[in-house]
Amino acid sequence: MQAARLHDYTDDMATALSIDEVDRPAPEASDDVIVEVEGAGWCQTDNHIIEGMWQEYVPQELPLTLGHENAGTVVEVGSEVNTVEVGDSVICHPVMTCGTCRPCRQGEDMYCENVRFPGLTHDGGFAEFLHTNERAVIPLPGGVDTTDIAPHADAGITAYHATKKAVRELNPGDTAVVIGVGGLGHIGLQCLDAMSAADIVALDLKESARELAAELGARHTVDPANEDVAGVVTDLTDDVGAQQVLDFVGADQTTALAPDIVAAGGDHHVIGYGGHIHEPAQSLVDGEFSYKGTLVGRYTELQELVALVDRGEVELRTSRYPLDEINTVAERLEHGEIEGRAVITP
């Protein structure tokens, strides 16, 4: 089968991945599931993997097939698989978990002590077929397009996981700020609108993204290049600040907004990444606010997100690309030229 493989870390997205002929995966364990990939979302994390940013955090052996936002049709199953069968349409939770370690027993899939992460530590879905396991696959409702829903496997569940944490702290009439209405942010904004009665303020440099934010439920939009973000939030909240901030950018400039826009006792959720946090400890003590990181989400949260999608509460803006255009996608995302999410169709 054909697969898009990373052979060397590089900053040059134009030649980042090569299309190689590799063996088609087959079930090796009794709980294995082989999925014919019909959609594999391209994520900013894929760019970061190509650049080598993840090699300090997880074991990686090159060459590696990328792709961790995967959906398609089950074509083979191990001998003990009973929750899906050949022919089922599924979306794949990004990680393969063991189910027996303490974090798994607690439902914390991302903390699994024996985790395998297709597209990051093991071969992923930028290929014709994907090797995963029964604990990762979620059957899809009839009528849900496997190609369009694929980015929810990471972008969607990550946005939902952060939003769910934020919603617990939001009362009707509170203010929530969404920073970045791109591939993740436009999902998180919809989740926030569906799950809370908060007033949503959306920040984005692009006029088209701000227009999309208003269309998706934001009550106010802000251009951070030409407006005083802190001043706007202060005025909108009568000097209180935003109870929850969801930062889908995670740049130095966006994390630096927290001391000036987060309400006392509130949270600044860091979802996008690439920047740093450089705030005096006293600023956190004075405002008693918190920075909170977001690492994908639980299997059950992906089930919940699929339910929202099935009900029409959350939709993805996607564009499709064949496997041989994969480096074009990497380049376009690097330059901020993709609206919504790009989906590879192997």
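Residues numbered from 1 in each chain as written. Predicted model: local features only at pLDDT ≥ 70, side-chain atom pairs only at ≥ 80, totals over all residues. Heavy atoms only, no water.

- As named in an unreviewed UniProt entry, the chain is NAD(P)-dependent alcohol dehydrogenase, taken from Halobaculum magnesiiphilum.
- Looking at the chain in UniProt, the text filed under Sequence similarities (unreviewed entry) is "Belongs to the zinc-containing alcohol dehydrogenase family."
- Taken from UniProt, the Cofactor (unreviewed entry) comment for the chain reads in full: "Zn(2+)". (UniProt positions renumbered as here; feature names shortened; annotations may be inferred.)

Focus: the UniProt feature "domain: Alcohol dehydrogenase-like N-terminal" (unreviewed entry) in the chain
Link 1 in the chain: In this structure's numbering, the residues bearing the UniProt feature "domain: Alcohol dehydrogenase-like N-terminal" (unreviewed entry) are residues 30–141.
Link 2 in the chain: For residues 30–141, the helix share is 11%, the strand share is 30%, and the end-to-end C-alpha distance is 25 Å. (Helix = DSSP H or I, 4+ residues; strand = E, 2+ residues; numbered from the N terminus.)

A few points about the UniProt feature "domain: Alcohol dehydrogenase-like C-terminal" (unreviewed entry) in the chain
Link 1 in the chain: Feature annotation in UniProt places "domain: Alcohol dehydrogenase-like C-terminal" (unreviewed entry) on residues 183–310, given in this structure's numbering.
Link 2 in the chain: Along residues 183–310, the helical share is 44% and the strand share 21%, with 19 Å between the first and last C-alpha atoms.

A short note on the layout of surface pockets
Take a probe with the size of a water molecule and roll it over the atoms, and the empty space left behind shows itself.
Link 1 in the chain: By volume, the second largest pocket is sized at about 310 Å³.
Link 2 in the chain: Along the walls of the second largest pocket sit 18 residues, with Pro25, His122, Asp123, Gly124 and His131 positioned nearest its centre.
Link 3 in the chain: Top element by residues in the lining of the second largest pocket is strand E7 (residues 129–133). It accounts for three residues.
Link 4 in the chain: Looking at the lining of the second largest pocket, its residues break down into nine nonpolar, four polar and five charged. (1 Å grid on protein atoms, 1.4 Å probe; cavity = no way out; pocket = protein on both sides within 12 Å on 5 of 7 lines; lining within 4 Å. Points joined across faces, edges and corners; volume = space filled by probe spheres on them. Nonpolar A, V, L, I, M, F, W, Y, C, P; charged D, E, K, R; others polar.)

Remarks on the environment of Asp260
Link 1 in the chain: You can see Asp260 is positioned in helix H9 (residues 258–261).
Link 2 in the chain: The spatial distance from the C-alpha of Asp260 to the C-alpha of Gly241 is 7.9 Å, given a sequence separation of 19 residues.

Focus on the packing of helix H4 (residues 155–167) against helix H11 (residues 299–310)
Link 1 in the chain: Packing of H4 against H11 brings their axes to within 9 Å, and their N-to-C directions diverge by 100°. The pairing of H4 with H11 is recorded here as roughly perpendicular in orientation. On H11, the residues touching Gly156, Ile157, Tyr160, His161 and Lys164 of H4 are Glu301, Leu302, Glu304, Leu305 and Leu308.
Link 2 in the chain: In terms of residue class, the contact of H4 with H11 is made up of five nonpolar, two polar and three charged. (Axes fitted to C-alpha atoms, helices over the stretch in contact; angles between N-to-C directions. Parallel < 35°, antiparallel > 145°, perpendicular 65-115°, else oblique. Contact = heavy atoms within 4.5 Å.)

So, the sheet that holds strand E10 (residues 199–203)
Link 1 in the chain: Read across the open sheet, the six strands follow the order E11-E10-E9-E12-E13-E14; overall the sheet is parallel. The open sheet is flanked by strand E11 (220–222) and strand E14 (290–293), the only strands paired with a single partner. Across this sheet, the average inter-strand angle for adjacent strands is 20°, counted without regard to direction.
Link 2 in the chain: As paired strands, strand E12 (residues 242–247) and strand E13 (residues 262–270) are joined by five bridges and run parallel to one another. Bridging across to E13, Gln244 finds its partner in Asp267.
Link 3 in the chain: Its contacts with the sheet place helix H5 (residues 185–195) against strand E9 (175–179), E10 and E12, and it is angled at close to 170° to E10. (Pairing = 2+ DSSP bridges.)

Here's the deal with the side chain of Asp32
Link 1 in the chain: With respect to the helices and strands, Asp32 occurs in strand E3 (residues 32–42).
Link 2 in the chain: Arg116 provides the closest opposite charge to the buried, unpaired Asp32, separated from it by 5.2 Å.
Link 3 in the chain: A polar atom in the side chain of Asp32 sits 2.7 Å from the backbone nitrogen of Glu28.
Link 4 in the chain: Asp32 has contacts with Pro27, Glu76, Val77, Gly78, Val81, His131, Thr132 and Asn133, leaving out every residue within four places of it along the chain. (Buried < 20%, exposed > 50% of the residue type's maximum accessible area, 1.4 Å probe, protein only. Lys, Arg positive; Asp, Glu negative; His and termini not counted. Salt bridge = Lys/Arg side-chain N within 4 Å of Asp/Glu carboxyl O. Polar contact = N/O pair within 3.5 Å; in protein donor to acceptor, adjacent residues only side chain to side chain.)

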